[in-house]
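Summary of the model geometry
Here is how the chains run, residue by residue.
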Amino acid sequence: MENAIIDLNLNGRVFRLKRSTFQRLPIACLEYGEDGQGEVYLERHADCFDAVLWYFTNGELHMPNSICPAVFKKELEFWSVDPSKLSQCCYMKYLSFFEDQKLLKTFEEDEKKSTGVGKPPKIGRSKLEKFQSKVWRTLDDPSSSVAAKIYVGVSAFVILMSIFVLCVSTHPAFQRELQYDELEAYYSSDPEKLAQVKGLRNKPIRNSDDSKVKKVSPISPIKVNHTFLPDRKLNNTIASDHENQTADLLPPPNTVARYTYLDYLDYGMVTYFGVELIIRITFCPKKSKFFSSLLNIIDVIAFSSEVATMTFEYIFPKEKYIKFSALDIVECIQIARVFRLFRLVKNFIGFRILIYSVRASLKNMLLMIFNLLVAALIFSSIGFYSDRATFESIPDAIWWAIVTMTTVGYGDSYPKNIPGRFIGCLCAISGIFVIAVSIPVLVNNYILFTGFANLPIKRHSEGLTSLLKSEFDSRRERKHSQETEPMTSIQSS
């Protein structure tokens, strides 16, 4: 009886097995029993059973390329086969599939949170709650209404204009010398020089670096009429005394002022951001979530830095016009206004995919940085001891190693002797290897998320019934087309 044949029918595909082979199958199969003709019928995946049968007969488990790993996993569970029994050629592909599925699940959940998919709409009990919800949707969801799109457009313009003012304020083309009212503010702590500036108001002054008389005041200065002077010598003496007096005051060293219209733009934008921040805090349904958001924290920091800068300039007007002053420490915080750009791109799927890709590849990126630093430390130490004439210290050599390994190559420092150049070649080649091995992980995750994001979100929210119906309709259409093709060919012949 051991050599008796048992037919195992899997969805119409029959496998003829010896009874000894059949008895190796899990008990779940034997429970179905045989019919009168020695056949066992199961509604299981026949292609997966090919791999399972090969494992029971030959001891090797391989996953077919045409089978989805998720389906193969369910079949292995039914046949009581441990997935770790998979051969190495298939096991890595099997594991990587489920790792990708975990990443995609996280990505899908975050997307649903950000886009509101899957959340039941909250209906306010009162008119005030409805109004609050409507205003917040306008502020937070650009696709909710036309007003929301207009708000996003205005915010984008103001943010870009704010960054423009921050950048051009440091360019010489948008800077000028101090005017009389600004000089009075500059010398407000020095009564003697302040009195001199007030006495020279609306008079021509001479720049210390220029031999020509300059008119600094926006008001046209009063010209000296030589016809009323009794003596030409006396006129020259007065002009000389005037020039000596102004040379001691104007212009103060290392002082500049930006054009007034830039100040007005800055005041207007700070007012806009302040009002916007107050409105967002007022109408936000969950205040704790608002202050835990990174973008909102950046908004608060940027607005606080702008207000702090203006307050500091008002209290200490002299620091406003000095190129290098204590005000620079406060103004450095204004870099936070650049990060407002993330508010413009946070609703674009491409930007979110990039963020998710970096998060998913964070371990590999940290490993790459660690390897880069270790290699830079090794090559910098060897480079320092092999060419001390070029590198004054190991930290200087570390800078050269990092610049070389990242293929930037500023050329500010480089080895000059033969041993140092040989070390430099090894440093450059190893840097290419370190980066080339780690970057593809980020690229693969980005491609994975991009492909998944192209699928409509509605498809993932459909139930099993609708999916089966769509599959049935597609199969019926294909069958109908196959039946009509022979009739068409007969008629054409």
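**What to know about the overall build of the protein**
Broken down by element type, the protein carries 22 helices and seven strands. A fraction of 64% describes how many contacts in the protein between residues 6 or more apart in sequence connect residues 24 or more apart. When the accessible surface of the protein is totalled, it reaches about 31,700 Å², and 62% of it is carbon and sulfur.

**What about helix α19 (residues 394-405)?**
The first and last C-alpha atoms of α19 sit 16 Å apart over 12 residues, in line with the 16 Å expected at 1.5 Å per residue. Regarding α19, the residues found buried are Ala397, Trp400, Ala401, Val403, Thr404 and Met405. Note on α19: the residue one or two positions beyond its end, threonine 407, has a positive phi of about 60 degrees.

**Description of the side chain of arginine 340**
One can find arginine 340 in the loop between α15 (327-331) and α16 (341-345). Residue class for arginine 340 comes out buried when judged on its relative accessible area of 1%. Polar side-chain contacts of arginine 340 include one of 3.3 Å to the side chain of glutamate 306. Beyond its immediate stretch of four places on either side in the chain, arginine 340 contacts Ile159, Ser162, Phe273, Ile298, Asp299, Ala302, Phe303 and Glu306.

**Description of the pattern of salt bridges**
A complete count under the given rule lists seven salt bridges for this structure. For aspartate 47, the salt bridge goes to arginine 13, with nearest N and O atoms at 2.9 Å. A residue pair is termed long-range when its members are at least 10 positions apart, and aspartate 47 in helix α3 (residues 46-58) and arginine 13 in strand β2 (residues 13-18) qualify at 34 residues. Judged by relative accessible area, which is 34%, aspartate 47 ranks as partly exposed. Looking at arginine 13, the relative accessible area reads 34%, which means it is partly exposed. Ionic pairing is found between glutamate 75 and arginine 44, a salt bridge with its closest N-O pair at 2.9 Å.

**So, the nonpolar core**
Formed by 27 residues in total, the largest nonpolar core has its most connected members in Leu8, Phe15, Leu17, Leu25, Phe49, Phe72 and Trp79. For this core, the secondary structure elements donating two or more residues are β1 (5-10), β2, β3 (39-42), α3, α4 (69-78) and α5 (88-115). Tallying contributions element by element places α3 first for this core, with seven residues. With 16 residues, the next largest nonpolar core counts Met368, Phe384, Trp400 and Ile423 among its residues.

**Structural notes on α4**
When we look at burial in α4, the residues that qualify are Pro69, Phe72, Glu75, Leu76 and Phe78. Serine 80, located one to two residues past α4, shows a positive phi value of around 55 degrees.

**Quick notes on the environment of leucine 426**
Mapped onto the elements, leucine 426 comes out in helix α20 (residues 418-453). Each C-alpha atom, one on leucine 426 and one on phenylalanine 379, is 8.4 Å from the other, the two residues being 47 residues apart in sequence.

**Details of the packing of aromatic side chains**
When we look at a pair of aromatic rings, we describe it by the centre distance and by the angle of the planes. Applying the stated criterion across every chain, the model contains 16 aromatic pairs. Measuring from ring centre to ring centre gives 5.0 Å for phenylalanine 78 and tryptophan 79, while their planes differ by 85 degrees; the resulting arrangement is edge-to-face. Taking the relative accessible area as the measure of exposure, tryptophan 79 reaches 0% and is therefore buried. Measuring from ring centre to ring centre gives 6.4 Å for tyrosine 91 and tyrosine 94, while their planes differ by 15 degrees; the resulting arrangement is stacked. Here tyrosine 91 pairs with tyrosine 94, and both are found in helix α5, just three residues apart, close to one helical turn.

**Some words on the sheet that holds β3**
An order of β2-β1-β3 is seen for the three strands of this open sheet, with the pairing classed as mixed. Lying at the two open borders of the sheet, with one neighbouring strand each, are β2 and β3. Neighbour to neighbour, the strand axes of the sheet diverge by 25 degrees on average, direction disregarded. Helix-sheet contacts for α3 involve β1 and β2, and the interaxial angle to β2 is about 20 degrees.

**As for the pairing of β2**
By the bridge criterion, six bridges tie β1 to β2 in an arrangement that is antiparallel. Pairing of isoleucine 6 across the sheet is with leucine 17, part of β2. Here β1 folds back onto β2 in antiparallel fashion, the turn holding two residues, of which asparagine 11 has a positive phi close to 50 degrees.

Conventions we followed
- Residues numbered from 1 in each chain as written.
- Predicted model: local features only at pLDDT ≥ 70, side-chain atom pairs only at ≥ 80, totals over all residues.
- Heavy atoms only, no water.
- Helix = DSSP H or I, 4+ residues; strand = E, 2+ residues; numbered from the N terminus.
- Contact = heavy atoms within 4.5 Å.
- Areas by Shrake-Rupley, 256 points an atom, 1.4 Å probe, with all protein chains shown as cover.
- Expected span 1.5 Å × (residues − 1).
- Buried < 20%, exposed > 50% of the residue type's maximum accessible area, 1.4 Å probe, protein only.
- Polar contact = N/O pair within 3.5 Å; in protein donor to acceptor, adjacent residues only side chain to side chain.
- Salt bridge = Lys/Arg side-chain N within 4 Å of Asp/Glu carboxyl O.
- Core = buried A, V, L, I, M, F, W, Y, C linked by side-chain atoms within 4.5 Å.
- Phe/Tyr/Trp six-rings, centres within 6.5 Å; stacked < 30°, edge-to-face > 60°.
- Pairing = 2+ DSSP bridges.
- Axes fitted to C-alpha atoms, helices over the stretch in contact; angles between N-to-C directions.

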